[in-house]
Amino acid sequence: MPESVALADFSGSGVRGEELIGELRRTLGRMEAALGSISDALAITDRKGRVLWCNQPFERFVQRGRLTILGRSIQSLLPVDVNGRPILRALPEETADDGSPAKKKVLLGNNPLRAVAIEWRAVVSEPERPLVFCLRDISVDLTHEAMQREVKRIAEERHHLAEQVLVCPVTGLANRRALEERLDQAFQRLRDQPGQLALYFCDLNGFKQINDCHGHAAGDALLVTVGERLQSCLREDDLVARLGGDEFVVLSEGPRGTRKAWDLAVRFQEVMAHPWSIDERTLQPSMSVGIAVTDDPAIGPQELLRRADLAMYDAKSRGDRHISLHDERLERLVSSRRSLGCRLRRALEEGLLQQQGFRVVFRPLVRLADGVQEGVEAALCFDSREELPLQLADL
């Protein structure tokens, strides 16, 4: 039964005043025990900060008994901070008149870490406006925060160190970051002195199947071999980088010209075709090569890399062991593919194939030996006044 109900029953039944006083004392005792069981240190002071009441955690916090605490200024009881300054200074100026809490966190020591959070407010319902203080030990929280900050710092440091590493851990070749730095330097030299840059984007064909059939250790060994074979074709100042997976990039500076650039790509494919043995089996690796050549320093490293990548995908679309040189024709072809692809997707989504210039035709399949028709094939054709020099199979 709630205490308020019990007190009302006492007063309403004419119980003697001594019994009511006894019940009030027992109620206060229960409240004292409850407040004493709270881990936070609690204290009530008058407006000037003189302690009127405190719980046991407060006694432990200030390391004094209650009889030596009551009537003392709370500022004089509390310890100083890590710099030797009082935790609380001018209470009236720091306490809001509307009863809203004032808060602060104080570092008491560094070794071991010890900190406390203090919150206090005025009891505005009382004319004397006493102050209620709550002190909570936040050392563990700060230790956790410090640990989290340290973990974050270590992670950032590791990330920074990883960025500083310029070598692929599998092949020992330059990695993407090293390539980007070298391209920046090459374009700076191109701005200072006329010349030419040739970038070769090389993609190893069938690498996933080798990984799947022979394991990643065999795949790593092949990557090392590929790097060595590419380097065997180059001058000392040329750079071979592995971008990741089965992609390699070669950067060559100097007045090679498109003819020599093409010849070097052919040399890449020749050395790559040499047999390679693994698990008592002999394989013949191959690669598709895209070439981008420029003497214009204004295009920048990323554009040159995009062009070489575009040429590589064009070479790969033609089958294994193909080479493609980036030029305006290739840019127009890619633009046409994108335009036709978007138009086809839109026509399919809207159900308007014929209105968008698409039509289905059926062509007979005839056996050449005797002219007998064996069936038909369906083909999706595109009619347009625009020049789109490609088949739908190119999409």
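Here we summarise the structure given alongside this text. Quick caveat: nothing in here was measured; it's all calculated off a predicted structure.

Rules behind the numbers
Residues numbered from 1 in each chain as written. Predicted model: local features only at pLDDT ≥ 70, side-chain atom pairs only at ≥ 80, totals over all residues. Heavy atoms only, no water. Pairing = 2+ DSSP bridges. Helix = DSSP H or I, 4+ residues; strand = E, 2+ residues; numbered from the N terminus. Axes fitted to C-alpha atoms, helices over the stretch in contact; angles between N-to-C directions. Phe/Tyr/Trp six-rings, centres within 6.5 Å; stacked < 30°, edge-to-face > 60°. Buried < 20%, exposed > 50% of the residue type's maximum accessible area, 1.4 Å probe, protein only. Parallel < 35°, antiparallel > 145°, perpendicular 65-115°, else oblique. Left-handed = near helix turned anticlockwise from the far one by under 90°. Contact = heavy atoms within 4.5 Å. Nonpolar A, V, L, I, M, F, W, Y, C, P; charged D, E, K, R; others polar. Core = buried A, V, L, I, M, F, W, Y, C linked by side-chain atoms within 4.5 Å. Expected span 1.5 Å × (residues − 1). Polar contact = N/O pair within 3.5 Å; in protein donor to acceptor, adjacent residues only side chain to side chain. Salt bridge = Lys/Arg side-chain N within 4 Å of Asp/Glu carboxyl O.

Attention now goes to the sheet that holds strand β6 (residues 197-204). Within a sheet, each strand pairs with its neighbour through backbone hydrogen bonds, oriented either parallel or antiparallel. Read from one edge to the other, the open sheet built from five strands follows the order β7-β8-β6-β11-β12, with strand pairing classed as mixed. Lying at the two open borders of the sheet, with one neighbouring strand each, are β7 (239-244) and β12 (323-325). Strand-to-strand twist of the sheet, defined as the mean angle between neighbouring strand axes without regard to direction, takes the value 20°. When β6 meets strand β11 (residues 287-294), the two strands line up antiparallel, connected through eight bridges. Note that in β11 the partner of Leu204 across the bridge is Met287.

Spatially, β2-β1-β5-β4-β3 is the arrangement adopted by the five strands of the open sheet, whose pairing is antiparallel. What marks the edges here is a single partner per strand, and that holds for β2 (51-54) and β3 (102-110). Within the sheet, the average angular offset between the axes of one strand and its neighbour, ignoring direction, is 20°. Two elements, strand β1 (residues 41-45) and strand β5 (residues 131-137), share five bridges in a ladder whose sense is antiparallel. Paired with Ala41 across the two strands is Leu135, which belongs to β5.

On to the packing of aromatic side chains, then. Scanning all chains against the criterion turns up two aromatic pairs. Geometrically, the ring pair formed by Trp120 and Phe133 is stacked, given 5.8 Å between the ring centres and 20° between the ring planes. In this pair, Trp120 is assigned in strand β4 (residues 113-122) and Phe133 in strand β5, connecting sequence segments 13 residues apart. Relative to Phe268, the ring of Tyr200 lies with its centre 5.4 Å away and its plane at 75°, an arrangement referred to as edge-to-face. Of this pair, Tyr200 sits in strand β6 while Phe268 is found in helix α11 (residues 257-272), placing the two residues 68 residues apart along the sequence. Just as Tyr200 is buried, Phe268 falls in that class too.

Interaxial distance between helix α8 (residues 176-192) and helix α12 (residues 300-317) falls to 9 Å at its minimum, and their mutual angle equals 115°. The angle between α8 and α12 places the two elements in the roughly perpendicular class. Seen from above, α8 lies across α12 with right-handed handedness. Where α8 abuts α12, its residues Arg176, Glu180, Leu183, Asp184 and Phe187 lie against Gly300, Pro301, Gln302, Leu304 and Leu305. Its residues assigned to classes, the contact of α8 with α12 comprises five nonpolar, two polar and three charged.

By secondary structure assignment, the location of Asp279 is in the loop between β9 (276-278) and β10 (281-283). Judged by relative accessible area, Asp279 falls into the exposed class, the value being 51%. Separated by 61 residues in the primary sequence, Asp279 and Ala218 place their C-alpha atoms 8.7 Å from one another.

Once that is clear, we can look at the pairing of β1. For β1, the tally of buried residues reaches four of five residues, placing the bulk of the element in the interior. With three bridges joining them, β1 and β2 adopt antiparallel strand pairing. Looking across to β2, one finds that Ala43 is bridged to Cys54. Here β1 hands over to β2 after five residues, with Gly49 in that stretch at a positive phi of 95°.

Take the nonpolar core next. Among the nonpolar cores identified, the biggest contains 30 residues, and Tyr200, Val226, Leu230, Phe268 and Val289 are the most heavily contacted of them. Those elements giving two or more residues to this core turn out to be β6, α9 (207-214), α10 (216-231), β8 (247-253), α11, β9 and β11. For this core, the leading source of residues is α11, giving six residues. With residues near it in sequence (within four places) discarded, Leu230 still touches Val240, Phe248, Phe268, Met272 and Met287. One finds Ile74, Val106, Val116 and Ala122 within the second-largest nonpolar core, a separate group that totals 23 residues.

Where α10 meets α11, the axes come as close as 9 Å, and the angle between the chain directions of the two elements is 135°. As the angle between them shows, α10 and α11 are arranged oblique. When you trace α10 past α11, the crossing you get is right-handed. Mapping the contact onto sequence places Val226, Arg229 and Leu230 in α10 and Phe268, Val271 and Met272 in α11. By residue class, the composition of the contact of α10 with α11 is five nonpolar, no polar and one charged.

Three- or four-residue spacings in an α-helix give side chains the same orientation, since the helix completes a turn every 3.6 residues. Along its 23 residues, helix α13 (residues 328-350) runs 33 Å from first to last C-alpha, staying within 8% of the 33 Å computed at 1.5 Å per residue. Listed in full, the buried residues belonging to α13 are Leu330, Leu333, Val334, Ser336, Arg337, Leu340, Gly341, Arg343, Leu344 and Ala347. For α13, the N-terminal capping position is held by Asp327, with its side-chain oxygen 3.3 Å away from the main-chain nitrogen of Arg329.

Moving on, we come to the pattern of salt bridges. As enumerated under the stated definition, the model contains 21 salt bridges in all. As a salt-bridge pair, Glu377 and Arg363 come within 3.2 Å of each other at their nearest N and O atoms. With a gap of 14 residues between them, Glu377 in strand β14 (residues 373-382) and Arg363 in strand β13 (residues 358-366) connect regions that are remote in the sequence. Taking the relative accessible area as the measure of exposure, Glu377 reaches 33% and is therefore partly exposed. Look at Arg363 and you get partly exposed, because its relative accessible area is 42%. A single salt-bridge network, built from bridges that share partners, covers Glu303, Arg306, Arg307 and Glu331.

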